[in-house]
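Below are the chains, spelled out letter by letter.
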Amino acid sequence: EENYKSVVGISAYTDGQSGYNWGTGFVLTADGLIVTNTHVINGADSATVTLYDDTVLNATLVGADSISDIALLKVKGIGLTPAVIGDSSELTVGDAVAAIGNPLGEQFRMTLTNGVISAINRGVSYNGRRPTPQSTRATPAARCTTCTVR
């Protein structure tokens, strides 16, 4: 519940193409930094962020890393609620978790699902590359842009 207002929808548009990419992000800072996945905005010419209350804000790309699949956007908004990010070192296998996100498109916006932590420190491969241990320690809370609620 505490992260509900922090979860956002990302729409990424490419000039000359109908339709758009849709994904999930979360508010990182009250001044408008938004974390999402690089694959959502990759190749886009513009993007918007849809807040929990259906407010739509134009976004600019701050940076993106295709290896970790993390992108950072910036929006101008008032009253943004940053996500409360937990301490991943406190997780144990079997802990219950819940995730709020936007799977499979806009029609499923703000979907809640639950599960359990099934493994800790398991290696991850993305685009044929494995992040170094240093980079996986540096971004544990941001590797998945669906906000986890504990």
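Please read these numbers as outputs of a predicted model, since none were measured by experiment.

What counts, and at which threshold
Residues numbered from 1 in each chain as written. Predicted model: local features only at pLDDT ≥ 70, side-chain atom pairs only at ≥ 80, totals over all residues. Heavy atoms only, no water. Pairing = 2+ DSSP bridges. Helix = DSSP H or I, 4+ residues; strand = E, 2+ residues; numbered from the N terminus. Buried < 20%, exposed > 50% of the residue type's maximum accessible area, 1.4 Å probe, protein only. Axes fitted to C-alpha atoms, helices over the stretch in contact; angles between N-to-C directions. pLDDT = per-residue confidence, 0-100. Contact = heavy atoms within 4.5 Å.

A. Region of the structure containing the pairing of strand β5 (residues 56-65). Judged from the four bridges that link them, strand β4 (residues 46-50) and β5 form a sheet pairing that is antiparallel. By the bridge assignment for β5, A47 is matched with A59. Counting the residues between successive antiparallel strands, the hairpin from β4 to β5 contains five residues, one of them, D54, with a positive phi of roughly 75°. Of the pairings in the sheet, the one linking β5 to strand β6 (residues 70-75) comprises six bridges and is antiparallel in character. Note on β6: the bridge partner recorded for T60 is K74. The loop that links β5 with its antiparallel partner β6 comprises four residues; one of these, D69, has a positive phi angle of about 60°.

B. View of the environment of G79. For G79, the position within the fold is in the loop between β6 and β7 (96-101). Judged by relative accessible area, which is 68%, G79 ranks as exposed. For the pair G79 and A30, spaced 49 residues apart in the sequence, the C-alpha separation amounts to 7.0 Å.

C. Broad picture of the sheet that holds β6. Spatially, the six strands close up into a barrel ordered β1-β2-β3-β6-β5-β4, and their pairing is antiparallel. Strand-to-strand, the axes of this sheet are offset by a mean angle of 40°, without reference to chain direction. Looking at chain direction, strand β2 (residues 21-27) and strand β3 (residues 33-36) are connected through two bridges and run antiparallel. Across the sheet, the residue bridging to V27 is I34, located in β3.

D. Region of the structure containing the confidence of the model for the protein chain. Mean pLDDT over the protein chain: 81, with 82% of residues reaching 70 or higher. Of all secondary-structure elements in the protein chain, the lowest mean pLDDT belongs to helix α2 (residues 133-138), at 39, while β6 reaches the highest, 96. Note on residues 133-150: pLDDT is under 50 here. Beyond four places in sequence and across chains, it has 39 contacts.

E. The arrangement of the pairing of strand β1 (residues 7-13) in detail. Of all seven residues making up β1, six are buried, and the element is well covered by its neighbours. Bridge count for β1 against β2 is six bridges, and the pairing is antiparallel. Counterpart to V8 in the pairing with β2 is G25. As paired strands, β1 and β4 are joined by five bridges and run antiparallel to one another. For Y13, the partnering residue across the bridge sits in β4 and is S46.

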